[in-house]
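# Secondary and tertiary structure notes
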Amino acid sequence: MSVDTEPAATPALSVERLKAYYRTSHFGVSREVRAVDDVSFAIGKDEIYGLAGESSSGKTTLIKAIAGLVRPPLRIEDGSIRFAFLPGRRGLHLASPSEVQRVRWRHLSYIMQGSMSVLNPLRRVRDMFVDFAFDHMGLGRGAFARVVEAHLARVRLEPSVLKAYPHELSGGMRQRVTIALATICKPDFIIADEPTTALDVIVQKDVLDMLREIQREISSSMLFVTHDMGVHAHLTDRLGIMYAGRLVEDGRTVDIFARPRHPYTRHLVASLPRIGEDRIRQGLEGNPPNLADPPSGCRFHPRCALAMDICRREVPPMTQQNGHRVACFATGATGEQPQ
Amino acid sequence: MLAVLRDLVRHNPEFRIGLVLVLLVLTLAALSFASPYPELDVYVVPPDVPPSSAYWFGTTSRGQDVFWQVCTAIRHTLAFGLTVALVSRLISLGVGLLAGYKGGFVDRLLMSINDTFIVIPLFPVLVLFYFVLRDNMSWLALALIMSLLGWSYDARLIRSVAMSVKTREFTQTSVFSGMTTREILLREHLPYVLPIVFSTTLANMNWSIGLEVTLSVLGFTDINTPSIGGMIYWANQHTALVAGIWWWIAFPVIVVVMAFIGLFLLSVSLNEFIDPRSRLARMGQATS
Amino acid sequence: MSTALLELTHVSKAYGRSGLFARRRVPAVRDVSFRIDAEPASIFTIIGESGSGKSTLARMILNITQPTSGTVRFRRRDLSTLRGHGARLDFMREVQPIFQNPFEAFNPLKRLDHYLFSTALRLAAAAGREDVERRADEALRSVGLSLAEVKGRFPHELSGGQLQRAAIARALLSKPSLIVADEPVSMVDASLRMSIVNVFRHLRDDLSISIIYITHDLATAYTISDRLIIMQRGEVVEGGEARAVLDHPRHPYSQRLKAAVLAPQTDADPSQPPCTTEPVR
């Protein structure tokens, strides 16, 4: 099911009907966890697309699948993941190692949650730039060094940072280094997985603003995954909401916050406490779903105030209105109250 | 409990093989009670008879039936190993858990004692004890001495696990639930420490049996209690290999090696099974 | 003049670096003083980021660690004078903790009832199995759970929100007067957070339990706090009545904290330039 973006533009990333499951077997107990179950969405060029979801939403698995990190017990059962820069392949996990090597960092880069999972604690910052980017850029050593320093200035880091080891820098500085590494080759696509979650509030805002600045400058597309709705509100252009392995709503961020349509989204938006507002907000009833044994039909129905009979039996299809999609029997077709 | 055993037998080949070997050895040990000859008597059967239908493992130069001797010997040897392992486990658990949890002065004191014991050279000390005790060296005495020498290394291992568990938040929850130190150590921390205890128990048994066999072969133990090492000692005294009485040495060695391997395989497979990480994976927690 | 429930007077805590060069001392908390009255019950919030000393302060209030100078008094009794198992149990009956990580608050290998029953027996003087179960059920119901849901369960079978509520229920069994909650909702799903925060409100309003709520999140602090202090690098930079401080912060650090709160922009242009003038930390 393809999404209505600008008519003639090829999306930077197009995910269609993706299914990714885990199959595990320990001492005779086998489980199938349907972490991503029939997800479709597209990200346009020069766009920041946010993916929101809480624990057991499946977003971590979705990121792994898109990044090509698919190893047993994770398996892609069905569907395709098409990047604009790798037209022939239905997914990075199907590409040959040389293609992956060519693509990684030059066309596709990552900003992960723990900066220490990307930064080698035994290498100085300057050496890591060489490791990651030198081969892709095709410049001489002197020219490369100048480009790196200019790029660091863009993330507001002094050149003296180059001499340091990761542990000598603060958390915020490390994340800026990670961002610099991920963007120096001006990749077409950046995947960011909870990059600011471990950071203090003040540093977080700084890092987010910086990320947006750079993204606008190099015109790359970004897939930004976090459970923090405040971050999505501040940063993203479009937003997708995941629940129990499925995409339940998707559209422009301002639309989603102003007029959320899916009951789960309404809850997420409404439960954001704000300074200056006094009313008592309610939390969501019930518990996060168990992906090894999810509810039948619409997976949100056990916790939904608007649940009807059909919600228990059938999976609601995505319906679309002005670029704002939602999968809900109650609010889908018209966006109004249930019948 | 039975379900656990059944799972292990079905899914873990190491456990299966280990179990078979150990059961075989235990059967032999149990059979020793049915031995028609008193264990210490000599010249009760024709000597130097090769394995045959009448004497399955042959007979020794001292006129003993190798089969029944091996059964008795392996029983004593296993009992010895088990005693040493159990007593030294108790000591190392007590020291390790207490030192890890209490920290501070208690920890420093216990670890100083611990480190002193680690450095003691075992073999010379054991030989020294033999020369001091001579005829009073019963296998029980030997077992006790070895337990007192064998706890220190594992106590440190247990202590480090105890220290890491102490920093986890549920320890504070236990404190604020009113539990006493003893309860916290036994009920909260012990399950994390158990894999180490278990694997070191079986390893410890192998170690103590090995050491005992060595001492016996050299004649440094109570040669009146038949043991595997004792058999090999007597075989050497009668230059069995040179005389061609290979069965006197071969069968005890085969049986003790079976015991070693069986215990080892059991410890490895059981250890994997009770390790908290694999327990949690089985309970369905980890797909991350 | 209301009696003080908790009083901190010039409390400081410095960690010494052990080893040959033992002279370097790292101050975690510097000269903190505040007071919480016994009545009416209130929610006192401590706001700070990492390195602010807020968790160290919590540990001192819970008597898990002792201050290097200054005193912590609970109901006029200096905590450093508590000796013996009995005195410590008495203290724990009155003051209980809630921790940040709901999945680590309970031993993953043990069932939850274990902690509930132990607390009921040791701290709440419950008599016999039936009484223990009755009290556990009562405490669980007051936080929106029930004994049937929790009985016989292991921690991984429940969600973060349920576990945190079970932790609160356990803390309630001895009918404490003070609960110290260290970042209780930061690891709980956003959609479940408000229900936990509402539980704290219920504890204050209906059960008269005072709460020390430690967080870095100003928005949840705004919803339920009565008074608050803001800490930076071990020192209190601002304090006072909660709404007043958060609506109009005066200290530059407090202002930066408030400016960093991310809220949905309904009509604002998302590509406004970033507005920081401070040097990179």
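Residues numbered from 1 in each chain as written. Chains lettered and ligands numbered in written order. Predicted model: local features only at pLDDT ≥ 70, side-chain atom pairs only at ≥ 80, totals over all residues.

Counting its regular elements, chain C contains 10 helices and 10 strands. Against the globule reference of 19 Å for 281 residues, chain C gives a C-alpha radius of gyration of 20 Å, in line with a compact fold. Considering only C-alpha atoms, chain C reaches an extent of 65 × 50 × 50 Å along its principal axes. The burial tally for chain C puts 46% of its 281 residues in the buried class. A separation of at least 24 residues holds for 68% of the contacts in chain C among residues at least 6 apart in sequence. (Helix = DSSP H or I, 4+ residues; strand = E, 2+ residues; numbered from the N terminus. Rg over C-alpha atoms; globule rule 2.2 N^0.38 Å. Buried ≥ 20, exposed ≤ 12 C-beta atoms within 10 Å, placed from the backbone. Contact = placed C-beta atoms within 7 Å.)

Residue and element names in this part refer to chain A. Along its 14 residues, helix H5 (residues 141-154) runs 20 Å from first to last C-alpha, staying within 8% of the 20 Å computed at 1.5 Å per residue. Listing the buried residues of H5 in full gives Val148, His151 and Leu152. Projected down its long axis, H5 shows its buried positions confined to an angular sector of 100°, all on one face. Turned more than 90 degrees off the buried face of H5, the exposed positions are Gly142, Ala143, Arg146, Ala150 and Ala153. For H5, the elements touching its buried residues are helix H4 (125-137) and helix H6 (171-183). Looking one or two places after H5, you find Arg156, whose phi comes out positive at around 60°. (Expected span 1.5 Å × (residues − 1). Arc of directions from axis to C-beta.)

Right, let's get into the interface of chain B and chain C. Much of the literature gives interface size as the accessible area that the parts lose upon coming together. Contact with chain B, which involves 16 residues of that partner, is made by 21 residues of chain C. Listing elements by their share of the side of chain B that touches chain C, those giving two or more residues are helix H8 (169-176), helix H9 (181-217) and helix H13 (276-283) of chain B. Per-element tally for the side of chain B that touches chain C: the top contributor is H8 of chain B, with five residues. Class assignment of the residues belonging to the side of chain B that touches chain C gives a composition of seven nonpolar, five polar and four charged. (Nonpolar A, V, L, I, M, F, W, Y, C, P; charged D, E, K, R; others polar.)

This part covers the sheet that holds strand E2 (residues 29-43) of chain A. Note on sheets: strands pair through backbone hydrogen bonds, and any given pair is parallel or antiparallel. Residues and elements named next belong to chain A. Read from one edge of the open sheet, three strands run E2-E1-E4, paired in antiparallel fashion. The sheet is open, and its two edges are formed by E2 and strand E4 (74-83), each paired on a single side. Averaged over all adjacent pairs, the angle separating strand axes in this sheet is 10°, with direction ignored. Where strand E1 (residues 13-26) lies against E2, 11 bridges are found, and the strand directions are antiparallel. (Pairing = 2+ DSSP bridges. Axes fitted to C-alpha atoms, helices over the stretch in contact; angles between N-to-C directions.)

This part is about the confidence of the model for chain C. Residue and element names in this part refer to chain C. Here chain C averages 85 in pLDDT, and 90% of its residues register 70 or above. Considering each helix and strand of chain C separately, the mean pLDDT is smallest for helix H5 (residues 147-150), with a value of 86, and largest for strand E7 (residues 178-182), with 95. The model gives residues 267-281 a pLDDT under 50, and that stretch makes 13 contacts with residues more than four places away or in other chains. As a predicted assembly, this complex carries a pTM of 0.78 together with an ipTM value of 0.84. (pLDDT = per-residue confidence, 0-100.)

Counting residues at the interface gives 41 residues for chain A, matched by 36 residues for chain C. Per-element accounting of the side of chain A that touches chain C gives the leading share, 10 residues, to helix H7 (residues 201-218) of chain A. Taken together, the residues that form the side of chain A that touches chain C break down as 17 nonpolar, 13 polar and 11 charged.

Before going further, it helps to examine the packing of helix H3 (residues 113-122) of chain C against helix H4 (residues 128-142) of chain C. All names here are of chain C. At their nearest, the axes of H3 and H4 sit 9 Å apart, and the two run at 110° to each other. Taken together, the axis directions place H3 and H4 in an arrangement best described as roughly perpendicular. When the axes of H3 and H4 are compared, the crossing they make is right-handed. Contact residues: H3 offers Leu116, Phe117, Ala120 and Leu121, while H4 offers Val132, Arg135 and Ala136. Considering only residue class, the contact of H3 with H4 consists of six nonpolar, no polar and one charged. (Parallel < 35°, antiparallel > 145°, perpendicular 65-115°, else oblique. Left-handed = near helix turned anticlockwise from the far one by under 90°.)

Residue and element names in this part refer to chain A. Predicted confidence across chain A gives a mean pLDDT of 84, with 94% of residues reaching 70 or more. Across chain A, strand E8 (residues 238-243) holds the top mean pLDDT of 94, while helix H3 (residues 115-118) sits lowest at 69. The low-confidence segment residues 4-8, where pLDDT is below 50, has six contacts with residues more than four positions distant or belonging to other chains. Low pLDDT, under 50, characterises residues 335-339; the stretch is placed with five contacts to residues that sit more than four places away or in other chains.

Next up on the list: H9 of chain B. Relative to the 54 Å expected for 37 residues at 1.5 Å per residue, H9 of chain B spans just 46 Å between its end C-alpha atoms, considerably shorter than the ideal helical length. Gly219 of chain B occupies a position one or two residues after H9 of chain B and carries a positive phi of about 85°.

This part covers the sheet that holds strand E1 (residues 4-16) of chain C. Residue and element names in this part refer to chain C. The antiparallel open sheet is built from four strands, whose spatial order is E2-E1-E4-E5. Of all the strands in the sheet, just strand E2 (25-37) and strand E5 (77-78) have a single pairing partner and so form its edges. As defined by bridge partners, E1 adjoins strand E4 (residues 69-74) across five bridges and the pair is classed as antiparallel. In the strand pairing of E4, Ser12 is matched with Ser69.

This part takes up the nonpolar core. Leu223 of chain A together with Ile61, Ile179, Val180, Ile211 and Ile212 of chain C are the most contacted members of the largest nonpolar core, which totals 179 residues. Once residues within four sequence positions are removed from consideration, Ile211 of chain C is found in contact with Ile43, Ile179, Ala181, Phe200, Leu203 and Arg204 of chain C. Among the nonpolar cores identified, the runner-up in size contains 49 residues, and Phe57, Trp139, Leu202 and Met231 of chain B belong to it. (Core = buried A, V, L, I, M, F, W, Y, C linked by C-beta atoms within 7 Å.)

Here the bond from Pro72 of chain A into Pro73 of chain A is cis, since omega is 5°, no more than 30 degrees from zero. Position of Pro73 of chain A relative to the elements: it lies in the loop between helix H1 (59-67) and E4. Residue Pro40 of chain C is reached from Glu39 of chain C by a cis peptide bond, and omega for that bond is -10°. Of note in the backbone geometry, Asn322 of chain A takes a positive phi value of approximately 55° without being a glycine. Within the secondary structure, Asn322 of chain A sits in the loop between strand E10 (319-321) and strand E11 (324-326). With a phi angle near 45°, Arg233 of chain C is a residue other than glycine that sits in the positive phi range. Looking at where Arg233 of chain C falls in the secondary structure, it is placed in the loop between strand E9 (227-232) and strand E10 (235-241). Of the residues examined, Arg233 of chain C has 15 C-beta atoms within 10 Å and is grouped as partly exposed.

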